Amino acid sequence: MRTVKEVSKITGVSVRTLHHYDAIGLLKPTRVTEAGYRMYDDTALRRLQDILLSRELQFSLKEIKVILDSPDFDPSEAIARQIGLLELQYKRIGELISFAREIQNKGAKTMNFDVFDKDEIEKYKEEVIAKWGGTKAYQEYRQKDIVRNKVASGRIANELMTIFSEIGGLKHLTPDSDEVQKKISAIQKFITDNYYTCTKEILSGLGEMYVCDERFKNNIDKTGGAGTADFVKQAIAAYCS
C-alpha cells in the first residue's frame with residue numbers, strides 16, 4: 001500500500017489531482033486510514049495507469065470513468081484499442097513534421113490542409129466510446145458536451161487571437177527580443193495545451209502558414225495591426241533557430 005504522496009512521487013501526478021480523481025469517483029483510494037490518509041494498492045495503481053494512458057489519448061475524465069466503470073470493460077481489448085489510437089496519432093504527428101519540413105524546403109507557398117484532419121482519430125475514439133460508453137447517462141453527457149465544446153472552441157480561438165494582439169503591440173521591438181520570444185513560447189504552449197503537441201518543426205511550419213494563407217494573415221493582422229502576421233513569422237523563425 002502506498003500513500004497519496006508516494007503515488008504522486010512515482011507517477012508524477014500531483015497530490016491535488018489525485019484528490020480530484022477521488023472526489024469525482026474516477027480513482028478512489030483502496031482505503032482511508034483513521035487519520036484520514038488515502039492509501040493505494042497495486043489494483044488502484046493499475047487503474048491510474050489506465051487513466052493516464054487514456055488522458056494521453058485525449059479522452060476526457062468523464063469519458064474515462066464511463067469506460068473503466070463499464071461492466072463490459074475488457075483490459076486486454078482496451079489496450080489493443082489504445083495501441084491502435086496511439087499508432088494513428090504517431091502517424092499524424094509524422095505527417096505534420098513532414099509537412100513542416102516541406103514548407104521549410106520548398107517555401108511558404110506550400111499548402112496542404114489535409115494533414116490537420118483529425119477525423120480518423122475522432123472516429124476511432126468514438127468506436128471506443130461506443131464499445132464501453134453506451135449508457136443513457138453517458139449519452140446525456142455527450143449531448144451536453146457538444147454544446148460545451150462549441151462554446152469552448154470559440155473561447156480558445158479568442159484566447160489565441162489575444163496572444164497575437166499582444167505580439168502586435170510589440171512590433172516596435174526586434175523579433176528576437178526576449179519579450180517577443182516569450183509570446184512565441186506562449187503560442188507554442190497554447191497550441192500544445194489545446195490542440196496537439198507543437199514541436200519547433202511544426203511551429204516553424206505554422207509561422208510560414210500565418211503569412212502565406214490569406215485567411216490566417218488577414219485575421220492576425222486585423223487583431224494585432226498591419227504587419228503582425230509577418231512579424232510573428234520572423235519571431236517564430238528566431239525562436240525555432
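To be clear, the structure that these remarks concern was listed above.
Residues numbered from 1 in each chain as written. Predicted model: local features only at pLDDT ≥ 70, side-chain atom pairs only at ≥ 80, totals over all residues. Heavy atoms only, no water.

J.: Hey, could you go over the overall build of the protein chain for me, with residue numbers and the actual values?
T.: Within the protein chain one finds 11 helices and three strands. In sequence order, the protein chain lays out its α and β elements as β-α-α-β-β-α-α-α-α-α-α-α-α-α. Sequence separation of at least 24 residues holds for 63% of the intrachain contacts in the protein chain that already meet a minimum separation of 6. Surface summary for the protein chain: the accessible area is close to 14300 Å², and the carbon and sulfur share equals 52%. (Helix = DSSP H or I, 4+ residues; strand = E, 2+ residues; numbered from the N terminus. Contact = heavy atoms within 4.5 Å. Areas by Shrake-Rupley, 256 points an atom, 1.4 Å probe, with all protein chains shown as cover.)

J.: Describe the packing of helix 9 (residues 200-212) against helix 11 (residues 228-240), with residues and values.
T.: Axis separation between helix 9 and helix 11 bottoms out at 8 Å; the angle between their running directions is 160°. By the criterion of interaxial angle, the relationship of helix 9 to helix 11 is roughly antiparallel. Note on packing geometry: the crossing formed by helix 9 with helix 11 is left-handed. Across from Lys200, Leu203, Ser204, Gly207, Glu208, Tyr210 and Val211 in helix 9, the residues of helix 11 making contact are Ala229, Asp230, Val232, Lys233, Ile236, Tyr239 and Cys240. Here the contact of helix 9 with helix 11 is built from residues that sort into eight nonpolar, two polar and four charged. (Axes fitted to C-alpha atoms, helices over the stretch in contact; angles between N-to-C directions. Parallel < 35°, antiparallel > 145°, perpendicular 65-115°, else oblique. Left-handed = near helix turned anticlockwise from the far one by under 90°. Nonpolar A, V, L, I, M, F, W, Y, C, P; charged D, E, K, R; others polar.)

J.: Go over the nonpolar core, please, and point to the residues and values.
T.: Ranked by size, the top nonpolar core spans 26 residues in total, and within it Ile184, Ile187, Leu206 and Tyr210 carry the most contacts. Where this core is concerned, the elements lending two or more residues are helix 7 (136-168), helix 8 (178-194), helix 9 and helix 11. No other element matches the six residues that helix 11 contributes to this core. One finds Leu45, Ile51, Leu61 and Ile64 within the second-largest nonpolar core, a separate group that totals 20 residues. (Core = buried A, V, L, I, M, F, W, Y, C linked by side-chain atoms within 4.5 Å. Buried < 20%, exposed > 50% of the residue type's maximum accessible area, 1.4 Å probe, protein only.)

J.: Would you mind going over the sheet that holds strand 3 (residues 38-40) in detail, with residue names and values included?
T.: Neighbouring strands of a sheet are bound in pairs by backbone hydrogen bonds; such pairs are parallel or else antiparallel. In space, the three strands of this open sheet follow the order 1-3-2, with antiparallel pairing throughout. Since the sheet does not close on itself, it has two edges, and those belong to strand 1 (2-3) and strand 2 (31-32), each with one partner. (Pairing = 2+ DSSP bridges.)

J.: Can you tell me about the side chain of Ser177, naming the residues and giving the values?
T.: Inspection of the secondary structure puts Ser177 in the loop between helix 7 and helix 8. Residue Ser177 is classed as buried on the basis of its relative accessible area, which comes to 15%. Here Thr174 takes part through its backbone oxygen, which lies 2.9 Å from a polar atom of the side chain of Ser177. (Polar contact = N/O pair within 3.5 Å; in protein donor to acceptor, adjacent residues only side chain to side chain.)

J.: So what about the packing of helix 8 against helix 11? Which residues, and what values?
T.: In contact at an axis separation of 9 Å, helix 8 and helix 11 are set at 85° when each is read in the N-to-C sense. Overall, the two elements helix 8 and helix 11 adopt an arrangement that is roughly perpendicular. Contacts from Val180, Gln181, Ile184, Ser185 and Gln188 of helix 8 reach helix 11 at Phe231, Val232, Ala235, Ile236, Ala238 and Tyr239. When the residues that make up the contact of helix 8 with helix 11 are grouped by side-chain class, the tally is eight nonpolar, three polar and no charged.

J.: Quick rundown of the pattern of salt bridges? Include the residues and the values.
T.: Taken as a whole and assessed by the stated rule, the structure comprises nine salt bridges. Where Asp42 meets Arg2, a salt bridge forms, and the shortest distance between an N and an O atom there is 3.5 Å. On the criterion of sequence distance, the pair formed by Asp42 in helix 3 (residues 42-56) and Arg2 in strand 1 is long-range, its members being 40 residues apart. For Asp42, a relative accessible area of 47% gives the class partly exposed. Assessed through its relative accessible area of 31%, Arg2 is described here as partly exposed. Residues participating in the shared-partner salt-bridge network are Asp22, Lys28 and Arg38. (Salt bridge = Lys/Arg side-chain N within 4 Å of Asp/Glu carboxyl O.)

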